[in-house]
Amino acid sequence: MRIAIQGSHGSFSEAAARRRWPDLVAVPCRDVKDVVTAVREERADAGCLPIENSLIGSVTTTYDLLHEAFGDGTLQLTHEILHPVHHTIMAIPGAPLSGIRRVLSHPVALGQCRIWLAKHLPDAELVSAWDTAGSAEMVAQQKDPALAAIAARPAADAHGLAPLAERIEDDPTNQTRFLGFTRADTADAFRTPGAPRYKTSLIVLVDHKPGMLALTLQAFGARGVNLMALQSRPERSAPWTYRFYVDVEGAATDPRVAEALEEIEALAAKLIILGSYEAWTEGSRLSAPVPVPAHRVDKPAIPLVDRRRNPEGTEVHVRGLRFGGPDPILIAGPCSVESEAMIMETAVAVAQAGADMLRGGAYKPRTSPYDFQGLGVKGLRYLADARERTGLPVVTEVLSWEEVPVVAHFADMLQIGARNMQNFSLLRAASRSGKPVLLKRGPGATFEEWLMAAEYVLAEGNPNVVLCERGIRTFERATRHTLDLNAVALVRERTHLPVLVDPSHAAGLRSLVIPLSLAALAAGACGLIVEVHPDPDQALSDGAQSLDFEMFAELARKVGRAGRMGEAGETGRAVLSVANGG
Ligand code: PEP
Ligand code: MN
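Bear in mind the structure is a predicted one, so any value in this text is a computation, not a measurement.

## A look at the domain arrangement of the chain
- Partitioning the chain into domains gives domain 1 (1-85 + 174-191), domain 2 (88-166), domain 3 (193-290) and domain 4 (323-579).
- In this structure, domain 1 and domain 2 have C-alpha centres spaced 25 Å apart.
- On the side of domain 2, 13 residues touch domain 1, which itself brings 15 residues to the contact.
- For the pair domain 1 and domain 2, the summed buried surface comes to about 1100 Å²; carbon and sulfur atoms form 61% of the total.
- When the buried surface of domain 1 facing domain 2 is broken down by residue, Phe12, Arg30 and Ile56 rank first, second and third, together holding 42% of it.
- Summed over the shared surface of domain 1 and domain 2, the result is 0 salt bridges.
- Partitioned by chemical class, the residues of the side of domain 1 that touches domain 2 number 4 nonpolar, 9 polar and 2 charged.

## Let's talk about the site of ligand 1
- Near ligand 1 lie 13 residues; those nearest to it are Arg359, Lys364, Ala418, Lys440 and Arg470.
- Here an oxygen atom of ligand 1 sits 3.0 Å away from a polar atom, N or O, in the side chain of Gln415.
- One of the side-chain N or O atoms of Arg419 is found 3.0 Å from an oxygen atom in ligand 1.
- Here the shell around ligand 1 is built from residues that sort into 3 nonpolar, 3 polar and 7 charged.

## Focus on the packing of aromatic side chains
- Applying the stated criterion across every chain, the model contains 4 aromatic pairs.
- Judged by centre distance (4.8 Å) and plane angle (90 degrees), the ring pair of Tyr63 and Tyr245 falls under edge-to-face. Of the two residues, Tyr63 sits in helix α3 (residues 60-70) while Tyr245 sits in strand β14 (residues 242-249), which places them 182 residues apart along the sequence. By the burial criterion, Tyr63 is buried, and Tyr245 matches it.

About the cut-offs
- Residues numbered from 1 in each chain as written.
- Chains lettered and ligands numbered in written order.
- Predicted model: local features only at pLDDT ≥ 70, side-chain atom pairs only at ≥ 80, totals over all residues.
- Heavy atoms only, no water.
- Domains from an automatic or database assignment.
- Contact = heavy atoms within 4.5 Å.
- Buried area = accessible area lost by both parts, 1.4 Å probe.
- Salt bridge = Lys/Arg side-chain N within 4 Å of Asp/Glu carboxyl O.
- Nonpolar A, V, L, I, M, F, W, Y, C, P; charged D, E, K, R; others polar.
- Near = heavy atom within 4 Å.
- Polar contact = N/O pair within 3.5 Å; in protein donor to acceptor, adjacent residues only side chain to side chain.
- Phe/Tyr/Trp six-rings, centres within 6.5 Å; stacked < 30°, edge-to-face > 60°.
- Helix = DSSP H or I, 4+ residues; strand = E, 2+ residues; numbered from the N terminus.
- Buried < 20%, exposed > 50% of the residue type's maximum accessible area, 1.4 Å probe, protein only.

What follows is the structure in structure tokens.
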């Protein structure tokens with residue numbers, strides 16, 4: 001295998017290439033441009049380019065070259081190599097370090113030894129050369145005792161030079177990332193088939209408009225595709241505009257990556273796919289692979305929600321809590337997270353009273369745009385802090401597909417609110433997050449529509465859906481909504497999914513919350529989600545239906561959760577045995 005390398009024999013490019021192709025025949029080239037030419041002209045089968053160093057960052061000439069040379073699609077990246085880089089300073093035998101006046105090396109190598117050079121040779125002139133090994137050769141030829149080169153240790157032996165100091169790089173972890181490439185027509189034969197991890201590199205040019213880069217990156221994020229690197233380079237012919245270089249995890253043929261690329265192709269001014277290659281994992285910090293289930297396009301003979309698929313009923317687990325398991329789950333917390341202190345106080349109180357999980361809205365769907373809209377990400381942070389303090393897992397609403405990644409980052413379970421039950425892009429995005437989904441029924445949605453919304457989440461590959469009946473809109477105006485207990489019992493007949501009841505939003509009145517809760521459990525609900533506020537009359541949303549701490553403790557007692565506090569309620573236990581037996 002002939003591999004074109006930047007620099008002469010003994011260069012770091014050659015050593016890196018040897019890690020991948022131990023028996024290679026090196027084709028030395030003066031600079032990275034010549035490496036490309038050698039491969040194009042078939043003087044080499046593949047080439048190896050330094051792209052980034054862990055100490056000094058990008059090799060910008062290579063980035064620019066990728067744009068110039070790969071834009072026509074005739075070359076493809078096929079490999080990634082990480083190579084540790086240790087530098088040695090060398091001179092002709094007998095030359096003392098104190099006599100060195102000039103130091104030759106590749107500018108990248110000089111940049112990696114700045115600290116040592118400043119300390120030991122503060123007055124020496126630093127001279128850029130084409131490559132490290134080549135500068136060792138020049139020192140050997142000139143036989144000047146005032147001249148030294150910085151190169152890899154073997155270059156000293158190769159040119160009869162004496163090392164003056166070794167491992168002079170600024171940090172011992174110093175390493176360089178190289179990319180291997182070949183002609184597109186031979187690329188498939190070069191690639192490692194069936195590798196455990198791939199990466200794909202691309203260049204995108206986006207229109208100079210607000211949000212275009214974010215939209216491009218969102219195409220990956222929304223599909224659970226991990227971004228590995230992002231680099232910008234100036235567009236020379238248009239000052240202050242930029243090309244973006246993006247590395248993502250996965251091969252271009254992976255369904256999620258392929259879908260994202262298709263979207264970006266339509267969106268971007270220009271997209272160049274540089275190639276997919278096996279990720280070099282040794283010494284790198286790749287995250288654990290994320291299992292990404294594919295979405296279903298074929299219609300199953302039996303819907304995925306259908307009880308026949310799992311007559312025993314499905315359990316959904318959230319941090320050890322079992323929805324649909326032997327015990328009912330009690331979720332409590334405010335309608336909205338109003339402040340750090342308020343959510344902490346509520347979390348501690350409901351945990352003490354026997355709640356299993358904490359609720360609280362950070363993104364609020366409000367009828368009026370002038371009403372409190374929630375604290376957003378700050379609210380999520382406070383919920384996570386409250387989980388830290390109390391151990392209660394957190395469920396919170398996500399309003400739009402764009403916010404799914406951030407909500408999924410903080411929450412243990414994503415709530416799809418009643419108003420969004422048929423927001424299909426949100427359902428898809430929530431499914432893809434991999435987090436369990438609490439799917440509320442829309443106040444105007446039929447039973448079938450509700451199940452089909454759940455079907456969206458399942459079809460997208462996420463099996464962890466808990467349904468939530470929270471009252472529907474009927475002709476009856478005495479209460480906010482009408483709790484449809486028929487639907488709760490029917491869910492258990494028709495689907496294998498667990499169903500939770502939200503008596504707070506159904507009733508809109510706190511006095512009804514306890515009786516509706518007991519009825520819900522009797523009808524077969526796997527648990528309850530109720531609103532609790534330290535001072536309900538001052539609540540920024542849904543105060544009328546929120547329980548205070550005392551009422552919540554009473555509810556917990558009545559549904560048997562107060563066992564934790566040592567005082568079980570007889571009524572609650574009786575109700576529970578009905579619920580569990582059904
Ligand atoms: C809530 O849980 O605070 C909420 C807004 O619920 P729903 O979507 O059921 O109205
Ligand atoms: Mn509410």
